[in-house]
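Letter by letter, the chains look like this.
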Amino acid sequence: MNRARLLIFNAALGPLDYRVPDGMHVAPGSVVVAPLGPRQIVGIVWESERLPTSEVPDAKLRPLLAVLPVPPLKAELRRLIEWTADYYCASLASVARMVLASGGALRGPATITEYRLSGGAPERMTPQRQAAIDALEGEQATIRELAGFAGVSEGVLRGLVNQGVLEAVQVDCDRPYPPARADFAAPQLSPAQAEVADTFVDAVRARRFEPFLLDGVTGSGKTECYLEAVAAALEMGRQTLVLLPEIALTEAFLRRFEDRFGVPPIVWHSSLKSTERRRAWRAIAAGAADGGAQVIVGARSALFLPYADLGLIVVDEAHEISFKQDEGVRYNARDVAVMRARFEAIPVILASATPALESLQMAESGIYRRLVLEDRYGGARLPAIDTVDLTEEAPGRGRWLAPRLVAGMEERLARGEQSLLFLNRRGYAPLTLCRNCGFRFQCPNCTAWLVEHRLSRRLACHHCGHETPPPPACPECGELDCLVACGPGVERIADEVRDLFPQARVAVVTSDTINSPEKAADFVAQAEGGAIDVIVGTQLVTKGFHFPELTLVGVVDADLGLEGGDLRAAERTYQQVAQVAGRAGRGSKPGEVLIQTRHPAAPVIEALAAGDRDAFYAAETEARRHAGAPPFGRWAAIIVSSEDDAEAREAANLIGGTRPQVPDVAILGPAPAPLNLLRGRYRYRLLLNARRSAQVQDVIRDWLAPLRFPQGVRVSIDIDPYSFV
Ligand SMILES: Nc1ncnc2c1ncn2[C@@H]1O[C@H](COP(=O)(O)OP(=O)(O)OP(=O)(O)O)[C@@H](O)[C@H]1O
Ligand SMILES: [Zn+2]
């Protein structure tokens, strides 16, 4: 009899066996529907020898119901799913779920009804109808999307449909994408760029696994180089995946891509509409030919999609920590990208001006091939960097910008150039307290202060989203008008700039203000068009942007990132400041960077000021080696949480009390997490520090497997953690 073993999306059940009815054809990777009790479930056919479970006799097997109309997941992808689940101690089901990321796509070809203006006029015109008609010129979408677009209710549009003003159009959900052309507008590369690009192109053509570290200073034209590799993949009819750390960066990339290849790439991120999602998913599974997906640019979740024929992966700004996912499957997309390239036997390019120490070490040990671009493109020079010692050159009372920085901005304003102030803190002030009784506003769900957002008039928690309007009186002592804002956020810095230079046009750039692709595009257009004099932003503005008139960068508080004692604090500070400094002087005019600090002698600040990257990395490497930290040793965290503090603590103690004695693995904790309360859950942590050779995952699995916890307790495992809160 024909049997099939399924990976199903219920971690509690494990794999299940079914009978394949006569006439049905399944292969490993087929996505199928099967009965489970009275319900129907989706599963993926898997090689049974790779998915052990207790054998069920033939006679007891129920038949599969259907094979879904999508190509079977390829063996390379199945191996990636297994590897990811194994390495990150996650269930196969939770990883496989990231592959089947569009329910609609699994149902096969479909059409939807969209609407557009027919050219007719309504019997009775109302202001709303007129507004809708004006707004919808040239648009075609579903009623709901059109309503959002025109800013009217769906009812208004239904009225227009009944009047024949809007006409229905049946649209193929999987309509083909216009093809990108490898030779649309090829750039003239500098000799150094050409050498790098040729190396990439050879690797793409050779169809072999090869990891590259593209290490080039800011503005060296790394993007131009890897786009040549993309062109090579296009010519071969193979697909490319470009991973970017943030949607905000995607907008600028899309335009550059379109300039180079004639059409935009296909975008994948979590806020796609379900129709866009299913169309992209099916095109990705169909391959690069005939209107399928040629180039996909996306956030980390794009990594697990079922590419039919991947020829190249690029991870841009590869040092960014947002490639690390900290919920669900806690994976690092940078590292999984390298594994995927390995399974697919294709090259992978990690591009960065400030590579992670781990990546540099991989290059050092010969595992990655490092390619270097030492100079900026087109003769632009790297900016001059200087520190401002805040203990000597103090800003005025209640101010945050030192006189030298203010003078620099004044010069730029006079010359019509742009300045950028960087402070990695959203909102107006990180803490609000009562002048009368000392009460501090804290989040009820998290161990965190509420951050004042003056633009949107609210106090907000940046961890759980809790928010409340600022009250007129102190909730503790009842005193009126007694609340004081402590410390600066970007909004407060922007106020200071407006106060100093009332004529300056100031833009605040954070995830609060740039929260959609449209807003990101607007910002880029304004900054490029010279409609902004001063940009005040968080880490969102540190990388990727290219504004030729930007000649001054001020780092408002370089010490901020060094607080908290995170393992990678120094590295992260170095990367952030070097990246934001890299925004200055990218055009023909030289750039200047002023770093405000209270610790100008701290090694990382000195290295930044001296522009001595090698010295910084060398010192940091030694410190890591000494501490047995990555890349020389390994970390893993176990995080225990529950809504009940005592229950969480007991569970953590149970784990702590059964700790194994393993050579080469030190186990620290349990201890209350620095963020002891997060989204209403109490948290405790254990930390493992192991030698590279130790099998930490096996140690953790064997340790936790026999333990049983109450229902409300969650135990998460974080391999190679980036967050220690
Ligand atoms: N060969 C080239 N021909 C024309 N323009 C180029 C070339 N190389 C780079 N440029 C331009 O120089 C600028 C900087 O290049 P790019 O943004 O690729 O640098 P990058 O190394 O990715 O920078 P960063 O790491 O700072 O984001 C861009 O405007 C780019 O279009
Ligand atoms: Zn909160």
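- Per an unreviewed UniProt entry, the protein carries the name Replication restart protein PriA and comes from Tsuneonella aeria.
- What UniProt records for the protein under Sequence similarities (unreviewed entry) is the sentence "Belongs to the helicase family. PriA subfamily."
- For the protein, the Subunit (unreviewed entry) comment in UniProt is given as "Component of the replication restart primosome."

**With respect to the overall build of the protein**
- Summing up its helical and strand segments, the protein has 19 helices and 29 strands in all.
- Taken over C-alpha atoms, the radius of gyration comes to 28 Å for the protein, in line with the 27 Å a tight globule of 725 residues would show.
- In terms of overall dimensions, the protein has a C-alpha envelope of 85 × 80 × 65 Å along the principal axes.
- For the protein, with 725 residues in total, the buried portion stands at 43%.

**Brief notes about the UniProt feature "domain: Helicase ATP-binding" (unreviewed entry) in the protein**
- In this numbering, the UniProt entry assigns the feature "domain: Helicase ATP-binding" (unreviewed entry) to residues 203-373.
- Across residues 203-373, helical content stands at 39% and strand content at 22%; the span's end C-alpha atoms are separated by 18 Å.

**Some points on the sheet that holds strand E10 (residues 266-268)**
- What the seven strands build is an open sheet, ordered E10-E11-E9-E12-E13-E8-E14; its pairing is parallel. Only two strands of the sheet have a single partner each, and these edge strands are E10 and strand E14 (369-373). Taken pair by pair, the neighbouring strands of this sheet meet at an average axis angle of 20°, ignoring direction.
- Examined bridge by bridge, strand E9 (residues 239-243) and strand E12 (residues 310-316) share five bridges and lie parallel to one another. Residue pairing in the sheet places Thr240 in a bridge with Leu312 of E12.
- In the packing of helix H10 (residues 333-344) onto the sheet, contacts are made with strand E8 (210-216), E9, E12 and strand E13 (347-352), and the angle to E12 comes to roughly 165°.

**Examining helix H18 (residues 645-657)**
- Given a rise of 1.5 Å per residue, 13 residues ought to cover 18 Å, and the 18 Å separating the end C-alpha atoms of H18 matches this to within 8%.
- Close packing links the buried residues of H18 with strand E26 (633-642), strand E27 (665-678) and strand E28 (681-691).

**Re the site of ligand 1**
- Around ligand 1, 19 residues are found, and the nearest of them are Thr218, Gly221, Lys222, Thr223 and Tyr377.
- Its residues placed into classes, the shell around ligand 1 shows four nonpolar, 12 polar and three charged.
- For the shell around ligand 1, the domains that each give at least three residues are domain 3 (191-377) and domain 4 (380-425 + 488-621).

**Observations regarding unusual backbone geometry**
- Note that the residue after Pro630, namely Pro631, is joined by a cis bond; omega there is 5°.
- Looking at the secondary structure, you find Pro631 in the loop between helix H17 (613-627) and E26.
- With omega at 10°, the peptide bond leading from Gly669 into Pro670 counts as cis.
- Relative to the helices and strands, Pro670 is located in strand E27.
- Backbone geometry places Glu317, a non-glycine residue, at a positive phi of 50°.

**A few points about the UniProt feature "binding site: Zn(2+) 2" (unreviewed entry) in the protein**
- Under the present numbering, the feature "binding site: Zn(2+) 2" (unreviewed entry) in UniProt falls on Cys443, Cys446, Cys461 and Cys464. A compact arrangement is adopted by the annotated residues: their sequence extent is 22 residues, whereas the largest C-alpha distance between any two is 8.6 Å.
- With respect to the helices and strands, the residue Cys446 is situated in the loop between strand E17 (431-434) and strand E18 (451-453).
- For Cys464, the position within the fold is in the loop between strand E19 (458-460) and strand E20 (467-468).
- With residues up to four places along the chain from it excluded, the contact list for Cys464 reads Cys443, Asn445, Cys446 and Arg679.

**Some details on helix H15 (residues 569-581)**
- In this model, H15 (13 residues) spans 18 Å end to end at C-alpha, consistent with the 18 Å of a helix rising 1.5 Å per residue.
- Most of H15 sits inside the fold, with 12 of its 13 residues counted as buried.
- Every buried residue of H15 is listed here: Ala570, Glu571, Arg572, Thr573, Tyr574, Gln575, Gln576, Val577, Ala578, Gln579, Val580 and Ala581.

**Quick notes on the sheet that holds E20**
- Here we have three strands laid out as an open sheet, ordered E18-E19-E20, and antiparallel in their pairing. For this open sheet the edge positions go to E18 and E20, each flanked by a neighbour on one side alone.
- Where E19 lies against E20, two bridges are found, and the strand directions are antiparallel. Paired with Ala460 across the strands is Glu467, a residue of E20.

**So, the domain arrangement of the protein**
- Looking at the assigned domains, one finds that the protein contains domain 1 (3-73), domain 2 (111-172), domain 3 (191-377), domain 4 (380-425 + 488-621) and domain 5 (633-719).
- Computed from C-alpha atoms alone, the centre-to-centre distance between domain 1 and domain 5 is 34 Å.

**With respect to the nonpolar core**
- Among the nonpolar cores identified, the biggest contains 180 residues, and Leu6, Phe200 and Ala229 are the most heavily contacted of them.
- Excluding residues within four positions of it along the chain, Phe200 makes contact with Phe212, Cys225, Tyr226, Glu228, Ala229, Pro347 and Ile349.
- One finds Leu136, Leu146, Leu160 and Leu166 within the second-largest nonpolar core, a separate group that totals eight residues.

**Quick word on the confidence of the model for the protein**
- Looking at the protein as a whole, the pLDDT averages 93, with 100% of positions reaching at least 70.
- Both scores are given for the predicted complex: the pTM is 0.91, the ipTM 0.96.

**What about the packing of helix H4 (residues 143-150) against helix H5 (residues 154-162)?**
- Closest axis-to-axis distance for the H4/H5 pair is 9 Å, and the angle between their directions is 115°. Note that H4 runs across H5; the crossing there is right-handed. For the pair H4 and H5, contact is made by Ile143, Arg144, Leu146 and Ala147 and by Glu154, Leu157 and Arg158, respectively.

**Thoughts on the pairing of strand E4 (residues 39-46)**
- By the bridge criterion, four bridges tie strand E1 (residues 3-8) to E4 in an arrangement that is antiparallel. Pairing of Ile8 across the sheet is with Gly43, part of E4.
- Relative to E4, strand E3 (residues 31-36) runs antiparallel, the two sharing six bridges. For Val33, the partnering residue across the bridge sits in E4 and is Val42.
- Where E3 hands over to E4, the hairpin turn is made up of two residues, of which Gly37 adopts a positive phi near 55°.

**Describing the packing of helix H6 (residues 191-206) against helix H7 (residues 222-235)**
- Running from N to C, H6 and H7 point in directions that differ by 30°, and their axes come no closer than 8 Å. Comparing their axes, H7 and H6 come out roughly parallel. Two packed elements cross with a definite hand, and for H6 against H7 that hand is right-handed. Here H6 contributes Gln193, Val196, Ala197, Phe200, Val201, Val204 and Arg205 to the contact with H7, which in turn contributes Glu224, Cys225, Tyr226, Glu228, Ala229, Ala232 and Ala233.
- Residue composition of the contact of H6 with H7, by class: 10 nonpolar, one polar and three charged.

**Examining the environment of Lys324**
- Position of Lys324 among the secondary structure elements: in the loop between E12 and H10.
- The spatial distance from the C-alpha of Lys324 to the C-alpha of Pro245 is 9.5 Å, given a sequence separation of 79 residues.
- Those residues in contact with Lys324 that lie beyond four places of it in its chain are Asn332 and Tyr722.

**Comments concerning the environment of Leu560**
- Topologically, Leu560 is positioned in the loop between strand E24 (550-555) and H15.
- Among the residues examined, Leu560 registers 18 C-beta atoms within 10 Å and is labelled partly exposed.

Cut-offs applied
- Residues numbered from 1 in each chain as written.
- Chains lettered and ligands numbered in written order.
- Predicted model: local features only at pLDDT ≥ 70, side-chain atom pairs only at ≥ 80, totals over all residues.
- UniProt positions renumbered as here; feature names shortened; annotations may be inferred.
- Helix = DSSP H or I, 4+ residues; strand = E, 2+ residues; numbered from the N terminus.
- Rg over C-alpha atoms; globule rule 2.2 N^0.38 Å.
- Buried ≥ 20, exposed ≤ 12 C-beta atoms within 10 Å, placed from the backbone.
- Pairing = 2+ DSSP bridges.
- Axes fitted to C-alpha atoms, helices over the stretch in contact; angles between N-to-C directions.
- Contact = placed C-beta atoms within 7 Å.
- Expected span 1.5 Å × (residues − 1).
- Near = placed C-beta within 6 Å.
- Nonpolar A, V, L, I, M, F, W, Y, C, P; charged D, E, K, R; others polar.
- Domains from an automatic or database assignment.
- Core = buried A, V, L, I, M, F, W, Y, C linked by C-beta atoms within 7 Å.
- pLDDT = per-residue confidence, 0-100.
- Left-handed = near helix turned anticlockwise from the far one by under 90°.
- Parallel < 35°, antiparallel > 145°, perpendicular 65-115°, else oblique.

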